[in-house]
Amino acid sequence: WASPPPPAATKFGLGVTSASATRGRRRSNVGLNVAASSLAMLGVLRYGKTGGGNSRMAGGRPTASSRRRGAARKSTVVHMVNRYKGLPGARLAHRGIFDEVVDVPWSSRFEPRLHDSALVSLVHGRPGLLADLVVLCAGAAARANEEWLKLRFGAVCATFQWLDSMQDVEGSLFWANALNGAFQPVSPVSRVPLVAKTGKLPGDLAGTFMRVGPNPAHWPPKKRTHVFDGDGMVHTVRIAGGEALYNCAFMETARWKIEQRRNAEHFLRIGEFHGLCGLAKMFLASITDNMFTGVQAHEASTANTAVGFTPDGRLWAMNESGAPFRFRLDEHGCPASVGFDTLGGTLKDQMSAHPKFDQRTGETFFHGSSYGAEPSFYIGRIVDGQVTDRVEVPLSAGFHHDIFITERYVVVVDGSMNFEPDSIVKEEPLWKFGFERTLRFGLWPRSSGRMAAEDIIWVDAAEAAEIVHTLHAYDEGDRVVLWAPVSRGSPGNRDDVLGDVGPPRMHRIDIDVAAKSVDIRAVPGSHLRTEFPRVRDDAIGRRVDYGYSALQGDGSFGFNFIGIAKWNFQAGGLERTVHFPAGVVGGEPIFIPSTDSTGRDDDGYIGMFLWNTKTCESSFVVYDAHTLDPEPVVELQVPRRVPIGFHALWVSEEELQMQG
């Protein structure tokens, strides 16, 4: 000090000399060390364990006392500055629980711009004093903020655990025992050779079949769980050179990674939307940013519902609650996760599981819904990997699972299901059939250029009905013709998602755009219960002659698919059916074009997985799509159980080479 030190400096020993001064050792730095160490001991500046490595205080040597020398060496002040000045090793060693959760370095939230020195400079007259104080204050604030986050995180987790204990978890798992355990999860596996049980692989078959479905990573679950709640797992059969390999792998989404690190379920599930506890969970999740994970709403999907191949060569796994999740297939057909595809940042919303890919024009049309405080519905268009159009459409909250396209129109299906969130408290389905809400269609002319809500033509039917999935649509003069399974109201018929709705049956729907009328008519075969309808993927947006759907057996469990139906659009109804052997269930019938195609719409095969509920064996079968002979062309034995899943896809050899 140029003049006598102030009282505060004297109190902390700053600038005070002692007998050791005769040996050239001033106590100014000792006072700083003692003050800093005292603050650290009081917890004001403490960040975990104390320790500063070999760091020393600038401007002099510590006292000869080994105790004080240790305090100086381990000064938390020095340690904190070193740690936050860009030393990656120190930062890595002190990651908090939230780094582990979201996989974002804690240091990225605090990046001070400091001078190059890695040492504290608190001596009067030395440069960097202000920067050091900023570091100390910011570090203390950051630590306090992390402790507050930990406290809130722990409190929320404890609250959810308590709410979990109030819900009937075991009772929600009835689906796990249905069809003799067909939906129970399995572990990933790769490159499993498949051998023919009957028949032989045809020579004109090359590519990869894939199907996605829910596969809970934590089993048995500790939270109430619906059949739709499992993590997405893609199962594939790679066929090339007369041989076949089976693979399956999780879609490693953000929520899957977080729950793997925690080794426990964390995110809210559909099954938890049940009773007052479910309502409380929804409220807590909504005010805590996905329970403090920081995962955005459109990136919280399980990617477990459908798979698609975009015109520009992207493989997507999709779910209603998020953006499409991108993955790739290696040469053996093994899926590898890439990540959520936001299309270069142009997609910021959730996308339904059923976008329509027009391979002829290169366009992708999609829709989505949100059920927040202000529910919304929107449709959009993607060209060259970018969202080029997005328009809000005024609709009441409904199921809105699918749309369809023709060469001239993009069509929204506004069915009769009402979203009723108060059903959570009543422990009833979230969607109920609205007997007073008539079916209607919104047609946007593709020739109008940019999408706009005012260009959409609304045409109402004269009755209430619901369409979950569409089979095929085409233009016929001034009319749009749609083939789809149609469900009508059925009071008391319910599951955990849809209520008061009857079984789906195939119908032809004529939408007269000029007259603004809708004619829903039964066709030969409408007596059959059927769902999961499909046409060949390269036919979407243009007219073809044939389509296929899965036949449902009796009972309330909707995945009891006991056969295949072939529909002839020209003849106007059912052409033929195949019924599986007793006790065998299948899935969505996927058309596989022949590599030696003659040009017929049905020149190819139908592929799917089968599950034998009696023998508990899985297989992959290929039927002749033209003859639909009940005897499969080939049945490949899969040496492990393949859980029943949702939607499927075939990717040809040429398309595999297109993967971006």
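Throughout what follows, the structure given in this document is the object of discussion.

1. With respect to the packing of aromatic side chains
The tally for this structure, following the rule as stated, stands at 22 aromatic pairs. Relative to Phe441, the ring of Phe404 has its centre 6.4 Å away and its plane inclined at 75°; by these criteria the two rings are edge-to-face. Taken as a pair, Phe404 in strand 14 (residues 403-405) and Phe441 in strand 18 (residues 440-445) lie far apart in primary sequence, 37 residues in all. This pair shows no difference in class: Phe404 is buried, exactly as Phe441 is. For Arg390, the ring lying beneath its charged end belongs to Tyr378, and the centroid distance is 4.2 Å. Over the face of the ring belonging to Trp458 we find Arg440, whose NZ or CZ atom lies 4.0 Å from the ring centre.

2. Things to note about the pattern of salt bridges
Throughout the structure, instances matching the rule amount to 40 salt bridges. Taking the shortest distance from any N to any O, the salt bridge between Glu363 and Arg446 comes out at 2.7 Å. A residue pair is termed long-range when its members are at least 10 positions apart, and Glu363 in strand 11 (residues 363-370) and Arg446 in the loop between strand 18 and strand 19 (457-460) qualify at 83 residues. Among the ionic pairs, Glu476 bridges to Arg479, the shortest N-O distance being 2.7 Å. The class for Glu476 is partly exposed, based on a relative accessible area of 22%. Among the ionic contacts, a cluster of salt bridges with common partners joins Asp358, Arg360, Glu363, Arg381, Asp389, Arg446 and Arg450.

3. What to know about the pairing of strand 8 (residues 325-329)
With four of five residues buried, strand 8 is to be regarded as a mostly interior element. Both strand 7 (residues 315-318) and strand 8 contribute to a ladder of three bridges, which runs antiparallel. Each residue of the ladder has a partner; that of Leu315, found in strand 8, is Phe327. Strand direction decides the pairing type here: strand 8 and strand 9 (residues 335-340), joined by five bridges, are antiparallel. Looking across to strand 9, one finds that Phe325 is bridged to Phe340. Adjacent in sequence and paired antiparallel, strand 8 and strand 9 are bridged by five residues, among which Gly333 carries a positive phi angle near 85°.

Here is what the cut-offs are and how they apply
Residues numbered from 1 in each chain as written. Predicted model: local features only at pLDDT ≥ 70, side-chain atom pairs only at ≥ 80, totals over all residues. Heavy atoms only, no water. Phe/Tyr/Trp six-rings, centres within 6.5 Å; stacked < 30°, edge-to-face > 60°. Helix = DSSP H or I, 4+ residues; strand = E, 2+ residues; numbered from the N terminus. Buried < 20%, exposed > 50% of the residue type's maximum accessible area, 1.4 Å probe, protein only. Lys NZ or Arg CZ within 6 Å of the ring centre and 35° of its normal. Salt bridge = Lys/Arg side-chain N within 4 Å of Asp/Glu carboxyl O. Pairing = 2+ DSSP bridges.

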